[in-house]
2 protein chains.
Amino acid sequence: MLITSTKNEIVKSVRRLRDRSARRESGQHLIEGERLVFDALEAGIVPETLFIEQGRTDFEARVSALGAEFFSVSRAVLETVCDTSAPQGIAAAVRTPELTAPESAEDFPHGLIAALDALQDPGNLGTIIRTADAMGAAAVLLGTGSTDAFSPKALRAAMGSTYHLRIFQCELSETLPKLRESGFSLVCGHLAGEERLPMLNRDCVIVIGNEANGVSDGIARLCSLCRLPMLGRAESLNASAAASILIFETAKKINGIEF
Amino acid sequence: MLITSTKNEIVKSVRRLRDRSARRESGQHLIEGERLVFDALEAGIVPETLFIEQGRTDFEARVSALGAEFFSVSRAVLETVCDTSAPQGIAAAVRTPELTAPESAEDFPHGLIAALDALQDPGNLGTIIRTADAMGAAAVLLGTGSTDAFSPKALRAAMGSTYHLRIFQCELSETLPKLRESGFSLVCGHLAGEERLPMLNRDCVIVIGNEANGVSDGIARLCSLCRLPMLGRAESLNASAAASILIFETAKKINGIEF
């Protein structure tokens with residue numbers, strides 16, 4: 001079936017996924033481009049709606065071989081649903097994983113967890129998810145007020161890592177104390193901290209704060225504070241740069257890796 | 001003097017600084033917003049053209065106290081010259097520092113230098129300049145094909161660090177051998193590298209490659225190769241995340257800092 005009208009109801013419902021509220025209501029989000037879509041299909045994800053640009057018989061063949069159904073759409077339709085200005089011929093609406101954090105600390109995955117306290121920038125969030133994945137983290141906690149991990153920009157920056165680890169939305173002030181009680185070390189990057197990593201259990205949470213304001217006081221009080229040594233004239237680092245360094249240092253420490 | 005026309009010749013000449021070619025020809029670039037502009041004025045930089053939004057008597061008083069001249073402009077004028085959608089009431093065209101790298105290795109600053117081999121993304125470049133500054137780096141080398149450090153996006157991401165260290169444009173294949181001969185260690189982040197930092201002199205260059213293709217073969221052959229241990233499923237890191245980690249690790253090592 002070929003869809004050429006941008007006013008088609010299916011197109012309109014996919015297009016609405018640009019809005020966070022529509023993503024939340026529908027429980028779906030959009031993934032764009034060859035890499036993200038085929039990663040998802042190969043991981044066994046069945047799209048709710050899959051669009052292939054008319055004439056991309058290469059994509060049609062690969063998608064059919066994976067047993068997925070699709071709509072052939074015009075370039076104009078693909079452009080209207082995609083966030084990127086030059087969409088790569090394929091996009092899919094897929095079900096968003098369950099983001100509600102477990103009630104009990106026992107039901108969290110073990111190991112390294114990155115927690116974000118009201119992180120605002122989708123590019124920073126995606127970059128942090130990618131670094132957390134690269135360093136073997138088991139989960140990312142999105143504290144209240146953090147940007148959406150399933151927005152097009154955050155997904156793009158995460159380069160597929162969004163699907164490699166668990167993502168939970170939670171109230172950090174409720175979740176972190178439970179994790180601490182069950183044996184997780186809690187560390188946060190903070191300007192008032194010591195210039196070295198504290199002792200860490202193999203289960204540990206590294207908390208990264210908001211771009212402008214850092215970690216909120218209530219959350220910082222739950223954690224060991226730690227700041228990166230600053231040797232030059234910059235007063236602070238970009239949030240995703242600081243997070244990447246802290247996640248790497250933590251992963252090295254709990255895994256006994258020398259670098 | 002109040003300028004309200006977006007067609008005014010002064011306004012047009014400042015607006016042109018959005019283009020890299022115009023920045024190169026004029027030897028000027030635009031800095032936007034309270035923080036960047038006042039950092040520059042307080043560092044003694046004399047703007048070529050300074051615009052203050054009509055009615056911002058607070059900025060007028062501070063600028064006058066610093067002895068700088070300015071034009072009062074309408075909101076529409078400020079919006080037409082600025083890259084940000086919501087300009088913060090002040091912007092200045094300033095002279096770009098000399099970017100030509102010294103002929104002789106003796107004339108380079110000593111210590112830690114970050115070198116970028118065809119880095120494309122202005123946000124990544126700004127973030128790397130900020131991290132390099134934070135870690136006490138003396139200079140950043142922009143290899144041929146790298147994005148402009150004085151574009152609005154790169155300046156914004158660098159948060160003022162662009163003016164805290166030396167920035168040189170150069171052909172890395174010519175500059176790096178000279179630096180190595182004069183005693184600099186050369187290291188680059190590379191997927192084929194060892195998973196640990198090599199021995200380093202206090203003078204050292206850390207080379208970061210292009211977002212998609214990494215460090216080019218000719219440059220990699222000049223360096224010790226080093227890769228970050230990857231413990232999860234991500235195949236690589238964002239360029240500025242990888243650079244931030246490598247710069248931090250290098251700074252720790254050459255300064256004997258434990259973390």
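Described in the following lines is the structure provided in the data block. (Residues numbered from 1 in each chain as written. Chains lettered and ligands numbered in written order. Predicted model: local features only at pLDDT ≥ 70, side-chain atom pairs only at ≥ 80, totals over all residues. Heavy atoms only, no water.)

**Comments concerning the overall build of chain A**
The condition that has to hold: Per the convention used, a helix needs a DSSP run of H or I reaching at least four residues, while a strand needs a run of E reaching at least two, with both numbered from the N terminus. Radius of gyration here is computed from C-alpha atoms only, and the compact-globule reference equals 2.2 Å multiplied by the residue count raised to the power 0.38. Each residue gets one of three labels from its accessible area relative to the maximum for its type: buried under 20%, exposed over 50%, partly exposed in between, using a 1.4 Å probe on protein chains only. What makes two residues a contact is simply this: any of their non-hydrogen atoms within 4.5 Å. Two residue types count as positive, namely Lys and Arg, and two as negative, namely Asp and Glu; His and chain ends fall outside the count. Note that the charge is assigned to NZ on lysines, CZ on arginines, CG on aspartates and CD on glutamates.
A count of helices and strands for chain A gives 10 helices and 11 strands. For 259 residues, the compact-globule estimate of 2.2 N^0.38 gives 18 Å, and the C-alpha radius of gyration of chain A, at 20 Å, lies within 12% of that figure. Overall size of chain A, expressed as C-alpha extent along the three principal axes, is 60 × 40 × 35 Å. Per-residue burial over chain A gives 56% buried out of 259 residues. By sequence separation, contacts in chain A at least 24 residues apart represent 76% of the contacts at least 6 residues apart. The average position of the 26 basic charges and that of the 33 acidic charges among the side chains of chain A differ by 4 Å.

**Thoughts on the relation of the copies chain A and chain B**
Under the convention used in this document: Least squares is the method for superposing the copies, and the C-alpha atoms it fits come from residues with pLDDT of at least 70 in both.
Superposing chain A onto chain B takes a rotation of 180° combined with a translation of 0.0 Å along the rotation axis, leaving an RMSD of 0.0 Å. Interpreted geometrically, this transformation is the action of a two-fold axis. Take the interface residues of chain A: 100% of them recur as interface residues in chain B, which is what a same-surface contact looks like.

**Examining the sheet that holds strand S9 (residues 185-194) of chain A**
Residues and elements named next belong to chain A. In plain terms, the rule: Only when DSSP finds a minimum of two bridges between them are two strands counted as paired. Helix axes use the C-alpha atoms of the stretch in contact, all axes being lines fitted to C-alpha atoms, and the angles between their N-to-C directions lie in the range 0 to 180 degrees.
Taken in spatial order, the 6 strands line up as S8-S7-S6-S10-S9-S11 in an open sheet, and their pairing is parallel. Edge strands, defined here as strands with exactly one partner in the open sheet, are strand S8 (166-170) and strand S11 (224-226). Averaged over all neighbouring strand pairs, the angle between strand axes comes to 30°, with direction disregarded. Note that strand S6 (residues 112-116) and strand S10 (residues 204-208) share 5 bridges and pair parallel. Bridged to alanine 115 within S10 is valine 207. Along the sheet, helix H6 (residues 122-134) contacts S6, strand S7 (139-143) and S8; its crossing angle with S7, the most-contacted strand, is approximately 155°. Helix H8 (residues 172-181) contacts S6, S7, S8, S9 and S10 of the sheet and is inclined by roughly 140° relative to S7.

**A few points about unusual backbone geometry**
Here the phi dihedral of alanine 118 of chain A falls at roughly 60°; this positive angle occurs in a residue that is not glycine. Tracing the chain through its elements places alanine 118 of chain A in the loop between S6 and H6.

**Structural notes on the environment of alanine 243 of chain B**
All names here are of chain B. Position of alanine 243 relative to the elements: it lies in helix H10 (residues 239-255). A relative accessible area of 0% means that alanine 243 is categorised as buried. A sequence separation of 180 residues divides alanine 243 from valine 63, and the C-alpha atoms of the two residues are 37 Å apart.

**With respect to the interface of chain A and chain B**
In plain terms, the rule: By convention in these notes, a salt bridge is any Lys or Arg side-chain nitrogen within 4 Å of a carboxyl oxygen on Asp or Glu. Any N or O atom pair separated by 3.5 Å or less is treated as a polar contact, with the protein-specific requirement of one donor-capable and one acceptor-capable atom, and with residues adjacent in sequence counted only for side-chain atom pairs. Asp, Glu, Lys and Arg are counted as charged, while Ala, Val, Leu, Ile, Met, Phe, Trp, Tyr, Cys and Pro are counted as nonpolar; the rest, among them Gly, fall into the polar class.
Opposite the 39 residues of chain A that make contact, chain B presents 39 residues. If you look at where chain A meets chain B, you find 2 salt bridges. When the shortest N-O distance is used, the salt bridge between glutamate 249 of chain A and lysine 252 of chain B registers 3.2 Å. Taken together, the links from chain A to chain B amount to 16 residue pairs in polar contact (both at pLDDT 80 or more). For the side of chain A that touches chain B, the elements supplying multiple residues, two or more each, are H6 and helix H10 (239-255) of chain A. In terms of residues, the side of chain A that touches chain B owes the most to one element, H10 of chain A, which gives 9 residues. Of the residues contributing to the side of chain A that touches chain B, the split by class is 18 nonpolar, 10 polar and 11 charged.

**Focus on the pattern of salt bridges**
All told, the structure shown has 23 salt bridges over all chains when counted by the stated rule. For arginine 23 of chain B, the salt bridge is made with aspartate 148 of chain B, and the minimal N-O distance between the two is 2.7 Å. Here arginine 23 of chain B, found in helix H2 (residues 20-26), pairs with aspartate 148 of chain B, found in the loop between strand S7 (139-143) and helix H7 (152-158); they are 125 residues apart in sequence, far enough to count as distant. For the pair formed by arginine 23 of chain B and aspartate 148 of chain B, the shared burial category is buried. One salt bridge connects aspartate 83 of chain B with arginine 156 of chain B, and the closest N-O pair in it is separated by 3.1 Å. Here arginine 156 of chain B lies in helix H7 and aspartate 83 of chain B lies in the loop between helix H5 (75-81) and strand S5 (90-95), a separation of 73 residues in the sequence. Through salt bridges that share partners, Glu249 and Lys252 of chain A together with Glu249 and Lys252 of chain B make up one connected network.

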